[in-house]
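Next come the chains, spelled out residue by residue.
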Amino acid sequence: QQQVKQSPQSLIVQKGGISIINCAYENTAFDYFPWYQQFPGKGPALLIAIRPDVSEKKEGRFTISFNKSAKQFSLHIMDSQPGDSATYFCAASNRGTGRRALTFGSGTRLQVQP
Amino acid sequence: GAVVSQHPSWVICKSGTSVKIECRSLDFQATTMFWYRQFPKQSLMLMATSNEGSKATYEQGVEKDKFLINHASLTLSTLTVTSAHPEDSSFYICSARGGIQETQYFGPGTRLLVL
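Given the structure is predicted, the values throughout are model-derived calculations rather than measurements.

Some words on the overall build of chain B
At step 1: The secondary structure content of chain B amounts to zero helices and 11 strands.
At step 2: Over its C-alpha atoms chain B spans a radius of gyration of 13 Å, differing by no more than 12% from the 13 Å that the globule rule assigns to 115 residues.
At step 3: In terms of overall dimensions, chain B has C-alpha extents of about 40 × 25 × 20 Å along its principal axes.
At step 4: Per-residue burial for chain B yields a buried fraction of 52% across its 115 residues.
At step 5: When contacts within chain B are restricted to residue pairs at least 6 apart in sequence, long-range pairs at least 24 apart make up 55% of them.
At step 6: Here chain B carries 10 positive and 9 negative side-chain charges, and the mean point of each set is 5 Å from the other.

Examining the overall build of chain A
At step 1: Counting its secondary structure elements, chain A contains zero helices and 11 strands.
At step 2: Taking 13 Å as the expected radius of gyration for a compact globule of 114 residues, we find that chain A reaches 14 Å, a close match to that expectation.
At step 3: Reported as C-alpha extents along the three principal axes, the dimensions of chain A are approximately 45 × 30 × 20 Å.
At step 4: Evaluated residue by residue, chain A yields a buried proportion of 46% over its 114 residues.
At step 5: Look at the contacts in chain A between residues 6 or more apart in sequence, and 54% of them connect residues 24 or more apart.
At step 6: By element, 48% of the accessible surface of chain A is carried by carbon and sulfur atoms, the whole surface being about 5,600 Å².

Observations regarding the interface of chain B and chain A
At step 1: Tallying the contact residues gives 21 residues for chain B and 19 residues for chain A.
At step 2: A combined buried area of about 1,600 Å² lies between chain B and chain A, and 53% of that area is made up of carbon and sulfur atoms.
At step 3: Remark: the boundary between chain B and chain A carries six residue pairs in polar contact (both at pLDDT 80 or more).
At step 4: When contributions to the side of chain B that touches chain A are tallied by element, the ones reaching two or more residues are strand 4 (32-38), strand 5 (44-51) and strand 9 (90-97) of chain B.
At step 5: When residues of the side of chain B that touches chain A are assigned to their parent elements, the largest contribution, four residues, is made by strand 4 of chain B.
At step 6: Residue composition of the side of chain B that touches chain A, by class: eight nonpolar, eight polar and five charged.

Quick look at the sheet that holds strand 8 (residues 76-81) of chain B
All names here are of chain B.
At step 1: Taken in spatial order, the four strands of this open sheet run 1-3-8-7, and their pairing is antiparallel. Edge strands, defined here as strands with exactly one partner in the open sheet, are strand 1 (4-7) and strand 7 (67-73). Shown here is a sheet whose adjacent strand axes are inclined to one another by a mean of 15°, direction ignored.
At step 2: As paired strands, strand 3 (residues 19-25) and strand 8 are joined by six bridges and run antiparallel to one another. The partner of Arg24 across the bridge, within strand 8, is Leu76.

Focus on the sheet that holds strand 3 (residues 19-25) of chain A
In a beta sheet, neighbouring strands pair by backbone hydrogen bonds and run either parallel or antiparallel.
Residues and elements named next belong to chain A.
At step 1: The sheet built from five strands is open, its strands ordered 1-3-8-7-6 with antiparallel pairing. Of all the strands in the sheet, just strand 1 (4-7) and strand 6 (56-59) have a single pairing partner and so form its edges. For this sheet, the mean angle separating the axes of adjacent strands, direction not counted, is 15°.
At step 2: The pairing of strand 7 (residues 62-67) with strand 8 (residues 72-77) spans six bridges and is antiparallel. Among the inter-strand pairings, Thr63 is bridged to a residue of strand 8, identified as His76.

Rules behind the numbers
- Within each chain, residues carry numbers counting from 1 in the order of the written sequence.
- Starting at A for chains and at 1 for ligands, labels are handed out in the order in which the entities are written.
- In view of the model being predicted, local features appear only for residues whose pLDDT reaches at least 70, and side-chain atom pairs are presented and counted only at 80 or more, with totals across whole chains, interfaces and linings using the full set of residues.
- Just so you know, side-chain values use all the structure's heavy atoms and leave hydrogens and water out.
- In this description a helix means any DSSP run of H or I spanning at least four residues, a strand means any run of E spanning at least two, and both kinds are numbered starting from the N terminus.
- Values of the radius of gyration come from C-alpha atoms, whereas the globule rule sets the reference at 2.2 Å times the count of residues to the power 0.38.
- Throughout this description, buried means an accessible area under 20% of the type-specific maximum (1.4 Å probe, protein chains only), exposed means over 50%, and partly exposed covers the range between.
- Here a residue-residue contact requires only that any non-hydrogen atoms of the pair lie within 4.5 Å.
- Positive residues here are Lys and Arg, negative ones are Asp and Glu, while His and the chain termini are left out of the count.
- The atoms used to mark charge sites are NZ of Lys, CZ of Arg, CG of Asp and CD of Glu.
- Exposure was quantified through the Shrake-Rupley algorithm and a 1.4 Å probe, taking into account, for residues, occlusion by the shown protein chains and nothing else.
- The term buried area denotes the loss of accessible surface (1.4 Å probe radius) that occurs when two parts are joined, taken as the sum for both partners.
- The term polar contact refers here to a pair of N or O atoms within 3.5 Å; inside protein, the definition further demands a hydrogen-donor-capable atom paired with an acceptor-capable atom, and it admits residues adjacent in sequence only when both atoms are side-chain atoms.
- Classification used: nonpolar for Ala, Val, Leu, Ile, Met, Phe, Trp, Tyr, Cys and Pro, charged for Asp, Glu, Lys and Arg, polar for all others including Gly.
- Strands were regarded as paired on the criterion that DSSP finds at least two bridges between them.
- A fitted line through C-alpha atoms represents every axis, and for helices the fit uses only the stretch in contact; the resulting angles, taken between N-to-C directions, go from 0 to 180 degrees.

Structure below.
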């Protein structure tokens, strides 16, 4: 019930291409969906986040698409750059739990080839 | 933006010793702090949640007596790995959020190697 499923496990994209990472959840109580970027040996950094009352959010080259009825959300990275090569995690949290603990997806290792 | 620091960034210790890791929120009051563990090429696993001035809430399967958490102030939480063993070697990451914020800000992580 708390699981967030993320795909693909790894992704190779050419420079300038679009990277797409997908996540699906089961718990309809989730009401906050952030994406984090993590470089090797570093802590995750918040990239962009969305709430279920909107279907899309864009910040620069990063866009989250959210489909509430399908319980799916995805991250699109436009004009992918070698510097975007990192591991990306989707996550979800539930206000009802009070503490707002994040449930993470399994991660996607993105490699952008020059 | 909100900044969370961790100290030390890496530590090597002998089996049987205890190691303390500090997590600080530098520019906001962290009412809730979280501790995660991450093995190579894996996702983050939540170990425990701590609120300032109260006992930590541990996730199922995490030994309370082995991983001692103290959230003594609104800017500091500590994780002590007691009687560390090689299997405790991992990347430990803290995060913090303030008030009613949903956003968690993560520290840079601490690499622990137990010999």
